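# Structural overview
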Amino acid sequence: MSEQQNKGFVREINGPIVTIDLPGIRSGEQVRIGELGLVGEVISLAGREAVVQTYESTDGVRPGEPAEGLGWPLSVELGPGLLGEIFDGIQRPLEKIALESGDYIRRGLALPGLDREKRWEFEPNPELAPGQSIGPGTVLGTVQETETIQHRILVPPDHQGELTELAPGGEYRVEDSIAHLRDAHGHSLHLTLFHRWPVRKPRPYRQRDDGISPLITGQRVIDSFFPQLKGGKGAVPGPFGAGKTVVQQQIARWSNADIVIYVGCGERGNELVDVLESFPQLEDPYTGRKLMEKTLLVANTSNMPVVAREASVYVGLTMAEYYRDMGYDVVMLADSTSRWAEALREVSGRLGQMPVEEGYPAYLASRLAAVYERAGRVETYNAGAGSVTLIGAVSPPGGDFSEPVTSHTKDIIETFWALSKELADARHYPSIDWVTSFSGHVHAAAEWWHKEVDRHWEGRRTEALALLARDAELSRIVNLVGPEALSDAQRWQLEGASLIKEGVLQQSALDEVDTFCSPQKQFALLDLALSTYDKGMTLIEIGVPVSHLQDLPQLAKARRCKSMYTSEQVARINDLAREIDEAFESIRLEYAKQHTDD
Amino acid sequence: MSIKEYRTASEVRGGLILVRDTPGVAFGDRVRISDGRGGTRDGQVIRASNEEVMILVFEGTDDLDLEAVWVRFLDEPVEIALSPEILGRELNGLGEPRDGRPPILSHIRRPVGGSAINPAARSYPREFIQTGISTIDGLNSLVRGQKLPIFSGSGLPHNRLAAQIVRQAKLKDEDSSFSIVFAAMGVSYADAKFFRDEFASSGVLRNVVMFVNLADDPPVERLTLPRTALTAAEYLAYDLDRHVLVVMTDMTYYAEALREVATAKGDVPARKGYPGYLYSDLAEIYERCGRIHERHGSITMMPVVSMPSDDITHPIPDLTGYITEGQIVLSRELQNQGIYPPVHISPSLSRLMKDGIGKDDTREDHPKVAAQLYALYARALETRNLASIIGADELSERDRRYLKFADDFDQRFVGQGESEDRSIEATLNLAWELMSAFPRDALIRLSETEIAKYYQGDSG
Ligand SMILES: Nc1ncnc2c1ncn2[C@@H]1O[C@H](COP(=O)(O)OP(=O)(O)O)[C@@H](O)[C@H]1O
Ligand SMILES: [Mg+2]
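Owing to the predicted nature of the structure, the values given are computational and were not obtained by experimental measurement. (Residues numbered from 1 in each chain as written. Chains lettered and ligands numbered in written order. Predicted model: local features only at pLDDT ≥ 70, side-chain atom pairs only at ≥ 80, totals over all residues. Heavy atoms only, no water.)

## Looking at the sheet that holds strand β16 (residues 188-192) of chain A
Residue and element names in this part refer to chain A. This is how it is decided: Pairing between two strands requires that DSSP report at least two bridges joining them. Strands are runs of DSSP state E lasting at least two residues, helices are runs of H or I lasting at least four, and both sets are numbered from the N terminus onward.
In space, the four strands of this open sheet follow the order β10-β13-β15-β16, with antiparallel pairing throughout. The open sheet has two edge strands, β10 (133-134) and β16, and neither has a second partner. Across five bridges, strand β15 (residues 177-182) lies against β16 in antiparallel orientation. If you follow L181 over to β16, its bridge partner there is L189.

Dropping the structure here:
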């Protein structure tokens, strides 16, 4: 393509949608628009004209200003230096932008995603020697990216050939060459510590992997009731204020993933600041290191340009796949996929495409499915196993789950944590509704729980859900005819359900002790609530009045003990179970004595 | 490009003018329109090509005569002039005087559109503001740099509540007061007068700048008004180091004006005729609030949003709630019981409360007291509901305690005088007094230590 062909001019500006006259440009190609050099992407072509969505505000752009094609699609830089950073929706480093342009984001800044000056200690792979044939996934060497994360420098997916040179150990910048290879055509290519990858193209892998391992999040209602697997796809729908962001941030904090990618997509600036300020202080419960060392953020807050919002999800996913290819378990949180969908809608509206439902274009469902399809557990090219778990928040207008984004998402995902306004209003957090939520992974997770924690896990889970269902039924009766109509056994069922709700399901993210709960503690609490309930029921069956049981101080303790004992103090929970046993036993003896006295 | 004047308007509809063959006009630029009868109007380019330019006319296009219209492209963005003199003034949505005094003259001119704050430049808001109102301070605390709207309905006392907050708001141990930016969009003359009198009588008027567009002023001007007001707020906060409290009323009229223009432009509607970009548009306004690293000043925002038909799921309160850092919701039911301020705590929320309260900020028991009160009140409302079905006499003794709590809470905790300025300690003490009607074992959200220290009941 000659210079000449790559230059054109602006014809029309309609908000973020700019029509340019630029023959030879390709669909998906990146362009720079106007005197400011605003970045954009070609989304449709008609003859000489191309329609461009710009990632930056077009205020002040005039028809006739220059437009230039860059020759490549929207891509991200993949290499050491991603972790701990916060990027915008097209991978510009926001901390550096702040240094360069101050508190507000200046337009047209072209800063690369990765630091060009920083030197990394490269350790070549001792098993490689010149002459060997190398291909996608071959580990050329490693860089210690953070204290806990070893960054494997892989041959990119589209390279294959004979290794002709491998750099010795030492310090290198990301652009320095660390290996040479000769491809099948005899061309010599050099590889650096980083490469680029187009974000809309999923990174390839050898094959899907069916291995099973739960993503432990430390949140009881998730792990013990609606579990997620590594490589799974999940959604957190809920009206505003129900707790979507807190659920996502809790997973970012406490899950047993190796890498966390948090995409703030069209949400609040302060929520990202919260992560930025707290993660460098918080300790990862699995490694003891600071959380920020395994985390990276992508931010397109609600006031940042809408078009970059659509891109931000793909930018996040591509970085997630990159770490997956190194053999890591990555969790990516997208808050919120509704804003991503709205960005699609806005662009399609400006293009005059036919809306099908609530203004959304017909391709909403297929795009959404394609995004979630990039999650998964795979066998990588170098025969390792890695995974991307994708969890999206969904923000239905008016909290109505029948709207297009929520309903399409529900058809795609495997884990659905439905947040309830009623629970949130009563400050029952997390407000994950146990009736409408579901997980397709219960059976699979049970295998792990039975082996690692307790073989009664699945049974206990089922019992708890049955009791909660019974509770809903009884509450309906009470609301019709009053509590007097209930038998003592029924009242004890209400009490049992309340123990589960308060002692197990409720878990405050703000409670220092309870914010993270190990699987062992999760099971101990669940078992404590259920065995208390079971024992109580045997007493009721022999005629002990329910009021004798309800006021036992140990019941209050059973509700509080989640915050009293840490994950290391599970034994204390079992002590309490024993104490409750004894209290019940003495009631039974007392009662038996009274009855023989009568 | 130099300033050019054209007489080629080809079409006028619903606040928009189309002009043909005016090459090189910049998107977003300001336009002056002469109506041919000696009057001028202001506009902004919202679509531009060499063949055709679309202009949004702030004063509206009513009785514009296509043949007589002259359009002048000013070759500058929509800007306002800023100086310390804006304090004490009343301006319109374009920053022009409404108070009969001379225009603001200054070399400092800023485009009202603003640009996005870099999230990496923000710092997390954490400084507790005492408003003196128990339902806010105790349960939905406001912090400096927060955007916390009041969701209200017609006839509810949102103006009085906003005015009380303006009068009473202060940092706990500081006396420094706020500079006020007041933005009125589409409100009645009476409402605007209420605030003007309010500011005058509390003696803060010289610390207030008012931007006013009344119900009978052109609706399109409402689209720039909050942006103009926030540009002034940013100037006060970041150039003059002030802590600014922005009161905006009523965002519903703003959104309705946006819908009007969107419809005229032929934009695809999403819900209830509002355009799909209403969310991003509101976010551009609300997100201008906050705290920025190493800046002394701050912008705290309290928008009033009236919920059409008291419906919180209506797109305007709904999208607002998705953007703001919580909401204070007023209830007609409480209002009808004569309770002021009628704050319904269940749907109310402050998302930034967690880092602004507790040991070093208010009192160590505050977080758990708030959680406990919420839990008790939720159960109490259920009980009240039950009592209304089966009769209070049918309730158990336990339930009757909850019923009484609901009433006491509404009357004593929610209800307070319009000039009653409660300290946070007074609010928390009142909370303990109310909670002490329950046995200790019912207060499981509180720690045993807190109960030992503050519990006043005698029961078990
Ligand atoms: N697990 C939780 N523990 C404690 N508080 C919570 C929890 N989940 C939500 N909250 C409270 O609810 C508020 C709103 O939650 P958030 O996640 O921001 O809602 P959403 O993203 O659905 O609008 C939070 O600011 C916090 O006060
Ligand atoms: Mg959220």
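So, next bit.
## Regarding the domain arrangement of chain A
Bring the parts together and some accessible area is lost; that lost area is often taken as the interface size. Just so we agree on the cut-off: Where each domain begins and ends follows an automated or database-derived domain assignment.
Entries for chain A in the domain assignment read domain 1 (1-73), domain 2 (120-196), domain 3 (209-443) and domain 4 (457-597). Distance between the C-alpha centres of domain 1 of chain A and domain 2 of chain A: 35 Å.

## Some details on the interface of chain B and chain A
So the rule is basically this: Should any heavy atoms of two residues lie within 4.5 Å, those residues are considered in contact. When two parts are put together, the accessible area they lose, computed with a 1.4 Å probe and summed over both, is reported as buried area. Salt bridge, as used here: a side-chain nitrogen of Lys or Arg that lies within 4 Å of a carboxyl oxygen of Asp or Glu. For this analysis, a polar contact is any N or O atom pair within 3.5 Å, provided that within protein one partner can donate a hydrogen and the other can accept it, and provided that sequence-adjacent residues contribute only side-chain to side-chain pairs. Residue polarity follows a fixed list, in which Ala, Val, Leu, Ile, Met, Phe, Trp, Tyr, Cys and Pro are nonpolar, Asp, Glu, Lys and Arg are charged, and the others, Gly among them, are polar.
Counting from both sides, the interface comprises 81 residues of chain B and, opposite them, 75 residues of chain A. Summed over both partners, the interface of chain B with chain A comes to about 6300 Å²; 51% of that surface belongs to carbon and sulfur atoms. For the chain B face of the interface with chain A, the top three residues by lost area are F27, Y322 and I444 of chain B, together amounting to 13%. E448 of chain B is the partner of R560 of chain A in a salt bridge, and the nearest nitrogen-oxygen pair spans 3.4 Å. In this assembly, chain B and chain A are joined by 34 residue pairs in polar contact (both at pLDDT 80 or more). With six residues, helix α9 (residues 366-390) of chain B is the largest single contributor of residues to the side of chain B that touches chain A. Looking at the side of chain B that touches chain A residue by residue, the classes come out as 40 nonpolar, 17 polar and 24 charged. Examined bridge by bridge, strand β1 (residues 7-14) of chain A and strand β5 (residues 40-49) of chain B share two bridges and lie antiparallel to one another. Residue pairing for β5 of chain B: E12 of chain A is matched across the bridge by S49 of chain B.

## A word on the packing of aromatic side chains
Residue and element names in this part refer to chain A. To be explicit about the condition: Working definition: rings of Phe, Tyr and Trp (its six-membered ring) pair if their centres are within 6.5 Å, and the pair is stacked with planes under 30 degrees apart, edge-to-face with planes over 60 apart, and tilted otherwise. Exposure classes here rest on a 1.4 Å probe applied to the protein chains alone. A residue is buried below 20% of its type maximum, exposed above 50%, and partly exposed in between.
Across all of its chains, the model carries 22 aromatic pairs over all chains by this definition. Seen from their ring centres, W449 and W457 are 5.0 Å apart, and the 10° between their planes marks the pair as stacked. Using a relative accessible area of 1% as the deciding quantity, one classes W449 as buried. Between W492 and F584 the ring centres are 6.4 Å apart and the planes differ by 65°, which places this aromatic pair in the edge-to-face class. Of this pair, W492 sits in helix α12 (residues 488-505) while F584 sits in helix α16 (residues 570-597), and the two are 92 residues apart along the sequence. Pair check on accessibility: W492 and F584 agree, each one buried.

## Focus on the pattern of salt bridges
This model, assessed by the stated rule, comprises 93 salt bridges over all chains. Across the pair E41 of chain A and R200 of chain A runs a salt bridge, and its minimum N-O distance is 2.7 Å. Here the residue E41 of chain A occupies a position in strand β4 (residues 38-46), and R200 of chain A occupies one in the loop between β17 (195-198) and β18 (207-208), the gap between them amounting to 159 residues. On the basis of relative accessibility, which here comes to 4%, the residue E41 of chain A falls in the buried class. Residue classification places R200 of chain A among the partly exposed positions, given a relative accessible area of 33%. Note that K294 of chain A is salt-bridged to D284 of chain A, the shortest N-O span being 3.3 Å. Within this pair, whereas K294 of chain A is found in the loop between α4 (269-278) and β23 (295-300), its partner D284 of chain A is found in the loop between α4 and β23, the two being separated by 10 residues in sequence. A residue is classified by how much of its surface remains accessible, and K294 of chain A, at 4% relative accessible area, is buried. Look at D284 of chain A and you get buried, because its relative accessible area is 5%. Among the charged side chains, a network of salt bridges with common partners joins R11, D21, R48 and E49 of chain A together with E51 of chain B.

## So, the sheet that holds strand β14 (residues 170-171) of chain B
By way of backbone hydrogen bonds, the strands of a sheet pair with one another, either parallel or antiparallel. All names here are of chain B. In spatial order, the strands read β12-β11-β14; together these three strands make up an open sheet with antiparallel pairing. The strands lining the two open edges of the sheet, one partner per strand, are β12 (142-143) and β14. Relative to β12, strand β11 (residues 128-130) runs antiparallel, the two sharing two bridges. Its bridge partner being in β12, I129 is matched across the sheet by L142.

## Structural notes on the domain arrangement of chain B
Residues and elements named next belong to chain B. Here chain B is partitioned into domain 1 (4-76), domain 2 (81-355) and domain 3 (366-454). The C-alpha-based centres of domain 1 and domain 2 are spaced at 30 Å. The interface is formed by 13 residues belonging to domain 1 together with 11 residues belonging to domain 2. With both chains or domains summed, domain 1 and domain 2 bury close to 930 Å², and 66% of this area falls on carbon and sulfur atoms. Broken down residue by residue, the surface that domain 1 buries against domain 2 is led by R30, L56 and F58, which jointly contribute 46%. Here domain 1 is connected to domain 2 by one salt bridge. For E96, the salt bridge is made with R30, and the minimal N-O distance between the two is 3.9 Å. Counting the contacts that link domain 1 with domain 2 gives two residue pairs in polar contact (both at pLDDT 80 or more). Contributions of two or more residues to the side of domain 1 that touches domain 2 are made by β5 and β6 (52-57). A total of three residues in the side of domain 1 that touches domain 2 trace back to one element, the largest contributor, which is β6. Tallied by class, residues from the side of domain 1 that touches domain 2 come to six nonpolar, two polar and five charged.

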